[in-house]
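The lines below spell out each chain.
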Amino acid sequence: QVQLVESGGGLVQAGGSLRLSCTASGRTFRSYAIGWFRQAPGNEREVVAVISWRGGTTYYADAVKGRFTISRDNAENTVYLQMNSLKPEDTAFYYCAAPTIAGKFTTTLADFSSWGQGTQVTVSS
C-alpha cells in the first residue's frame, strides 16, 4: 500500500486560494492514480479530482471545474490540488487517496483503499 500525508489546509476568505499537497512514501507511488476527496460535516465523502499515474488524465467534479487544478510530481512523490476562487461551500476536510489497483484510473470512492489523515479547509464568507 501507499502511505499518504496531506498538508496545506487552513482558513481563507472567499475568493482566495490554497494549495494542498499529498506526499507519499514508497517507491510504488508513481504507479498509482491519486484522488482528492472532501467531506463536510453531515455530508458524505465526495470525489473532488483525480489524476492518472502518469498525470495525463484528470477528472474534476462539476462543483470545482475551472477553479481547482490537480497535478503531480512523481520525482517528489507529491500530488497537488491548487484551489482558486474558493467558496464557503468548499469548506470541508480534504483527503487524498490511492486506489487498490495500481495503474487504474477511477473516480469511484469504493475503489480507493489507501487514505491520508486529511487536512481541514475553511473558507469564510
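Higher on the page you've got the structure.
Model, not experiment: these values are computed from the prediction. (Residues numbered from 1 in each chain as written. Predicted model: local features only at pLDDT ≥ 70, side-chain atom pairs only at ≥ 80, totals over all residues. Heavy atoms only, no water.)

1. Points about the overall build of the protein
Helix and strand counts for the protein stand at 0 helices and 11 strands. Along the protein, helices and strands appear, N-terminal first, in the series β-β-β-β-β-β-β-β-β-β-β. Whereas a compact globule of 125 residues would reach a radius of gyration of roughly 14 Å, the protein reaches 13 Å, a difference of no more than 12%. In terms of overall dimensions, the protein has a C-alpha envelope of 40 × 30 × 25 Å along the principal axes. Residue burial in the protein is summarised as follows: out of 125 residues, 45% are buried. (Helix = DSSP H or I, 4+ residues; strand = E, 2+ residues; numbered from the N terminus. Rg over C-alpha atoms; globule rule 2.2 N^0.38 Å. Buried < 20%, exposed > 50% of the residue type's maximum accessible area, 1.4 Å probe, protein only.)

2. So, the pairing of strand 4 (residues 34-39)
Among the 6 residues that make up strand 4, 5 are buried, leaving the element largely enclosed by the rest of the structure. With 5 bridges joining them, strand 4 and strand 5 (residues 46-51) adopt antiparallel strand pairing. Directly across from Gly-35, in strand 5, lies its bridge partner Val-50. Count of turn residues in the strand 4/strand 5 antiparallel hairpin: 6 residues, of which Gly-42 carries a positive phi of about 85 degrees. Both strand 4 and strand 9 (residues 92-99) contribute to a ladder of 5 bridges, which runs antiparallel. Residue pairing for strand 9: Arg-38 is matched across the bridge by Tyr-94. (Pairing = 2+ DSSP bridges.)

3. Thoughts on the sheet that holds strand 8 (residues 78-83)
The sheet built from 4 strands is open, its strands ordered 1-3-8-7 with antiparallel pairing. Looking at which strands have only one partner, the edges of the open sheet turn out to be strand 1 (3-7) and strand 7 (68-73). Adjacent strand axes in the sheet meet at a mean angle of 15 degrees when their direction is disregarded. Here strand 1 runs beside strand 3 (residues 18-25); their pairing, made up of 5 bridges, is antiparallel. (Axes fitted to C-alpha atoms, helices over the stretch in contact; angles between N-to-C directions.)

4. Side note on the state of the cysteines
Under the definition given, this model contains 1 disulfide. The disulfide that involves Cys-22 links it to Cys-96, with 2.1 Å between the sulfurs. Judged by the sign of its S-S torsion, about 75 degrees, the bond between Cys-22 and Cys-96 is right-handed. Taken together, the residues span a long stretch of sequence, with Cys-22 in strand 3 and Cys-96 in strand 9 at a distance of 74 residues. A residue is classified by how much of its surface remains accessible, and Cys-96, at 0% relative accessible area, is buried. (Disulfide = S-S within 2.5 Å.)

5. What to know about the nonpolar core
Among the nonpolar cores identified, the biggest contains 30 residues, and Ile-34, Trp-36, Leu-81, Met-83 and Tyr-94 are the most heavily contacted of them. Setting aside residues no more than four positions away along its own chain, Met-83 makes contact with Gly-16, Ser-17, Leu-18, Leu-20, Arg-67, Phe-68, Tyr-94 and Val-121. (Core = buried A, V, L, I, M, F, W, Y, C linked by side-chain atoms within 4.5 Å. Contact = heavy atoms within 4.5 Å.)

6. What about unusual backbone geometry?
A positive phi angle is found at Asn-77, which is not glycine, with a value near 55 degrees. Within the secondary structure, Asn-77 is located in the loop between strand 7 and strand 8. Asn-77 sits in the buried class, given a relative accessible area of 16%. For Ser-85, which is not a glycine, the phi torsion comes out positive at approximately 50 degrees. Here Ser-85 shows up in the loop between strand 8 and strand 9. Take Ser-85: its relative accessible area is 40%, and that puts it in the partly exposed class.

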